[in-house]
Amino acid sequence: ELERLLHAGERRRLARELRAQLAGVRERIERLDRYDPIVDCNEPYMEHTERGDYFACADVLAALGAGVWAAGFAIEVAADRQKAAFRADPGNRDRFIASGLWAWSRHPNYLGEILLWTGVALAALPALSGPALATLVSPLFVYVLLTRVSGVPLLEARAEAKWREDPGYRAYKARTPVLWPRPPA
């Protein structure tokens, strides 16, 4: 995580990689307005479009995946920007952030990362078969890594050590979920 924060260019590289991975999603989404995806997903066969392309549940998964990816990307970018702005204010030195997305989740940036990779997996699912299906473990791997191994546990322990006695932090921790957002109380 520190490496990611130190190298802002990494975020741009990640965005380029994801755009390359989702290159075909845009075309699929544009085709969605020509068809009723609910009807097509219930059909036992795939229809041909006028261009000879296949349209079926794959297009729905591509659109859903693109939406989940976009939501994750937006959440992660917004959370990172909010935290950077918070830290840039000298008055916030040695304080914890509890505003913006951080009022909804104690780790919204990690939530965004998990959603981002889940969206990629959903969009890619129809194109995968055989051993390539093993790549679907990626979102689960990211989730386990961020919530059980590195990100959340390390930051929670550091926050607990730093603000354990702070009544404001205790209240924030009690009302704000670790990862999955909930409207502020």
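Our subject is the structure listed above.
Residues numbered from 1 in each chain as written. Predicted model: local features only at pLDDT ≥ 70, side-chain atom pairs only at ≥ 80, totals over all residues. Heavy atoms only, no water.

Student: Which parts of the structure should I look at to understand the nonpolar core?
Tutor: Soluble globular proteins tend to bury their nonpolar side chains together. If you look at the biggest cluster of nonpolar residues, it comprises eleven residues: Trp 69, Tyr 110, Leu 111, Ile 114, Leu 116, Trp 117, Val 120, Val 142, Leu 146, Val 152 and Leu 179. Within the residue set of this core, elements represented by two or more residues are α6 (108–124) and α7 (137–149). At six residues, the largest contribution of residues to this core is made by α6. Once you skip the residues sitting within four places of it in the chain, Val 152 turns out to touch His 107, Tyr 110, Leu 146, Thr 147 and Val 178. Residues Phe 86, Phe 96, Ile 97 and Ala 159 belong to the second largest nonpolar core, which totals nine residues. (Core = buried A, V, L, I, M, F, W, Y, C linked by side-chain atoms within 4.5 Å. Buried < 20%, exposed > 50% of the residue type's maximum accessible area, 1.4 Å probe, protein only. Helix = DSSP H or I, 4+ residues; strand = E, 2+ residues; numbered from the N terminus. Contact = heavy atoms within 4.5 Å.)

Student: What should I look at first to understand unusual backbone geometry in this one?
Tutor: Apart from glycine, the bulk of residues carry a negative phi angle, and the bulk of peptide bonds sit in the trans form. Even without being a glycine, Asp 94 presents a positive backbone phi close to 65 degrees. Along the chain, Asp 94 turns up in the loop between α5 (57–88) and α6.

Student: Hey, could you run me through α7 in this one?
Tutor: Given 3.6 residues to a turn, an α-helix orients residues that are three or four positions apart in the same direction. Here α7 has its buried residues at Pro 139, Val 142, Leu 146 and Thr 147. Buried positions in α7, seen along its axis, are confined to an arc of 100 degrees and lie on one side of it. Summarising the geometry of α7, the exposed residues directed more than 90 degrees from the buried face are Leu 140, Phe 141, Arg 148 and Val 149. In this structure, the buried residues of α7 make contact with α6 and α8 (151–163). (Arc of directions from axis to C-beta.)

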